[in-house]
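What follows is each chain in one-letter form.
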Amino acid sequence: MRMVDLILKKRAGFELTSEEIHSIIDGYCKGAVEDYQMAAFMMAVCFTGMTYGETAQLTDAMLHSGEIVDLSDLPGVKVDKHSTGGVGDTTTLVIAPLVAACGGTVAKMSGRGLGHTGGTLDKLESIPGVNVERSVDDMRDIVKRTGVCVIGQSGNLVPADKKMYALRDVTGTVKSIPLIASSIMSKKLAAGTDAILLDVKVGNGAFMETLEEARELAHTMVGIGKHLGKRTVAVITDMNQPLGAAIGNGLEMWDAIRVLSGKVQKRDLLYEVCILLASYMLLLGGIAQTKEQAEKMLNEAIESGRGLMKLRELIEALGGDTSYIDSPERLFNTRRTLDICADKDGYITHMDALKIGVASSELGAGREKKRDKIDPAVGILLKKRIGDAVVSGESVMTLYINDESRLTEALELIDAAYNIGAEPVAPPSMVHDIITE
């Protein structure tokens, strides 16, 4: 069947067969399907959607467009974790070493930050000497020695997604559940994982702004995992304020070290979400049989220092200076700091994670284009969260600044990013739903 006929079939809302979907992706990778035809097809998907079966077949076709990493020689069940992106989302830096400290096997390929969302690789590289551009063989070696490794995506993994994503960005076809789900899951499956934990963010700082959208994405990805024979769980977490108090690469590394050092309270938002996500990784990996058992193991790993030791082993294996683990405040030693203070007494009633994330980028912590350079030391440290009381003149957050060229823009965003009201409000629930098979 001609590509134009498949475009018309999808535009009319009909379900495509497995063979038709595979022929589209194969043809696109080989150049038989033109960019303008693929753009038209993806726009048809945006308008008419796809069934779970179609989306699973799209994922499978994208997955097999390139090489697939074989991690079968590594011990245990390999469980990967993916976040759909947010602000102050430092979970991987806590969870990966923590799960390894409990006996899990974590071989993870992560990404870099773009726009208002931070990237795990950039955070790791805030420690001098760290090199995340490693081969799969390097990753295997490090995992065999330490139980954990986090590197950049390497090799010819999912070339179809690279081509499609670049096209989606310039054709208005980014926000489509089937296209988002297949993009995420094809990369996770190509990385050789046995099971997948998904952290789907929802709120003003997330790509999914409503709970309905987040649930649809979560159900779709869990459905893809089931269809392709991989155990998958999705946790929907809140992004109506930054998850961690630290926003910025060195600051977030410092925050992760604090959590693993046991220096934050168990009701801390980042701590709460990390323990929940890590619990499901232990369950998926068969390390724990119940959520309660998993939580006990994880808390013991923090209290004993084993979680922090695993982070130290990871940093050392990646070539990093481990002295920064002992004095992480050196990671954000900037030329200037600036306190943003409350102008009246009251309570924090609202925080806009998106505006705070963009403000941090304006200070130099993020990038708009992949080639942009970032400053690992700069960012924002929140002193107050939604529901907290404040008095006039008290610091709500501190900005860490090296380059003041876009400070005015950052301050305008910060000014609009939070509200102080007269009446107290309850902090938002951090976990909205858990989607299992």
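Here, every reference points to the structure presented above.
Treat the numbers as computed from the prediction; the structure is a model and nothing was measured. (Residues numbered from 1 in each chain as written. Predicted model: local features only at pLDDT ≥ 70, side-chain atom pairs only at ≥ 80, totals over all residues. Heavy atoms only, no water.)

This part is about the overall build of the protein chain. Helix and strand content of the protein chain: 17 helices and 13 strands. By its C-alpha atoms, the protein chain is 70 × 45 × 40 Å across when sized along the principal axes. When each of the 437 residues of the protein chain is scored for burial, the buried share is 58%. Intrachain contacts of the protein chain at a sequence separation of at least 6 include 78% that bridge at least 24 residues. (Helix = DSSP H or I, 4+ residues; strand = E, 2+ residues; numbered from the N terminus. Buried < 20%, exposed > 50% of the residue type's maximum accessible area, 1.4 Å probe, protein only. Contact = heavy atoms within 4.5 Å.)

Here four strands make up an open sheet; going across it, the order is S1-S4-S5-S13 and the pairing mixed. On the outer flanks of this sheet lie strand S1 (79–83) and strand S13 (431–435), each paired with one strand and no other. Within this sheet the neighbouring strands show an average axis-to-axis angle of 15 degrees, counted without direction. Each of S1, strand S4 (195–202) and strand S5 (231–238) touches helix H9 (residues 177–190); the most contacted strand, S4, lies at about 150 degrees to it. Contacting S1, S4, S5 and S13, helix H12 (residues 269–284) crosses the sheet at an angle of about 175 degrees to S5. (Pairing = 2+ DSSP bridges. Axes fitted to C-alpha atoms, helices over the stretch in contact; angles between N-to-C directions.)

With antiparallel pairing, three strands are arranged side by side in an open sheet as S10-S8-S12. Looking at strand neighbours, the two that pair on one side only are strand S10 (389–390) and strand S12 (418–421), the edges of this open sheet. Pairing of strand S8 (residues 346–351) with S10 involves two bridges; the strand directions are antiparallel. The residue of S10 that forms the bridge with Tyr 347 is Ala 389.

It is worth spelling out the pairing of strand S9 (residues 379–382) at this point. Each regular strand carries side chains that alternate between the two faces of the sheet. Neither face of S9 is left uncovered, since the one carrying Gly 379 and Leu 381 and the one carrying Ile 380 and Leu 382 both have all their residues buried. In terms of strand pairing, strand S6 (residues 246–247) meets S9 through two bridges, oriented antiparallel. By the bridge assignment for S9, Ala 246 is matched with Leu 381. Bridge analysis of S9 against strand S11 (residues 395–401) gives four bridges, and the strand direction is antiparallel.

It is worth spelling out helix H1 (residues 3–11) at this point. Each α-helix turn comprises 3.6 residues. Residues three or four places apart therefore point the same way. Listed in full, the buried residues belonging to H1 are Met 3, Leu 6, Ile 7 and Lys 10. Viewed end-on, H1 has its buried residues packed into an arc of 100 degrees, placing them on one side of the element. Its buried side turned inward, H1 meets helix H2 (18–30), helix H3 (35–48) and helix H4 (52–63). Just beyond H1, the residue with positive phi is Gly 13, at close to 90 degrees. (Arc of directions from axis to C-beta.)

A separate point is the pattern of salt bridges. The full count for this structure, using the stated rule, is 26 salt bridges. The network of salt bridges with shared partners includes Asp 73, Asp 137, Arg 140 and Lys 144. (Salt bridge = Lys/Arg side-chain N within 4 Å of Asp/Glu carboxyl O.)

Below, the discussion takes up the environment of Thr 322. Of note, Thr 322 is situated in the loop between helix H14 (306–317) and helix H15 (323–326). For Thr 322, a relative accessible area of 21% translates into the label partly exposed. Taking the C-alpha atoms as reference, Thr 322 lies 6.2 Å from Arg 312; in sequence the two are ten residues apart.

Turning to the packing of H4 against H9, a few remarks are in order. It is the contact of H4 with H9, at a shortest axis distance of 8 Å, that shows an interaxial angle of 45 degrees. With respect to H9, the axis of H4 lies oblique. Considering the relative orientation of H4 and H9, their crossing is right-handed. Judged by residue contacts, Thr 55, Leu 58, Thr 59, Met 62 and Leu 63 of H4 engage Pro 178, Leu 179, Ala 181, Ser 182, Ser 183, Met 185, Ser 186, Leu 189 and Ala 190 from H9. Of the residues assigned to the contact of H4 with H9, the class counts are nine nonpolar, five polar and no charged. (Parallel < 35°, antiparallel > 145°, perpendicular 65-115°, else oblique. Left-handed = near helix turned anticlockwise from the far one by under 90°. Nonpolar A, V, L, I, M, F, W, Y, C, P; charged D, E, K, R; others polar.)

Once that is clear, we can look at helix H10 (residues 211–227). The terminal C-alpha atoms of H10 lie 24 Å apart, and with 17 residues this matches the ideal 24 Å at 1.5 Å per residue to within 8%. Among the residues of H10, those classed as buried are Ala 214, Leu 217, Ala 218, Thr 220, Met 221, Val 222, Ile 224 and Gly 225. In this fold, the buried residues of H10 make contact with H4, H9, S4, S5 and S13. Following H10 by one or two positions, Gly 229 has its phi on the positive side, about 80 degrees. (Expected span 1.5 Å × (residues − 1).)

Checked against the element boundaries, Asn 402 lands in the loop between S11 and helix H17 (407–415). At a separation of 2.9 Å, a polar atom in the side chain of Asn 402 contacts the main-chain amide nitrogen of Arg 335. Within the local environment of Asn 402, its side chain forms a polar contact with the side chain of Asp 375, the two groups lying 2.8 Å apart. Discounting residues that sit within four places of it in the chain, Asn 402 has contacts with Thr 334, Arg 335, Asp 375, Ala 377 and Val 378. (Polar contact = N/O pair within 3.5 Å; in protein donor to acceptor, adjacent residues only side chain to side chain.)

Here we come to the side chain of Glu 54. Looking at the secondary structure, you find Glu 54 in helix H4. A relative accessible area of 2% places Glu 54 in the buried class. Polar contacts involving the side chain of Glu 54 include one to the main-chain amide nitrogen of Thr 51, which spans 2.9 Å.

By themselves these figures say nothing about function.
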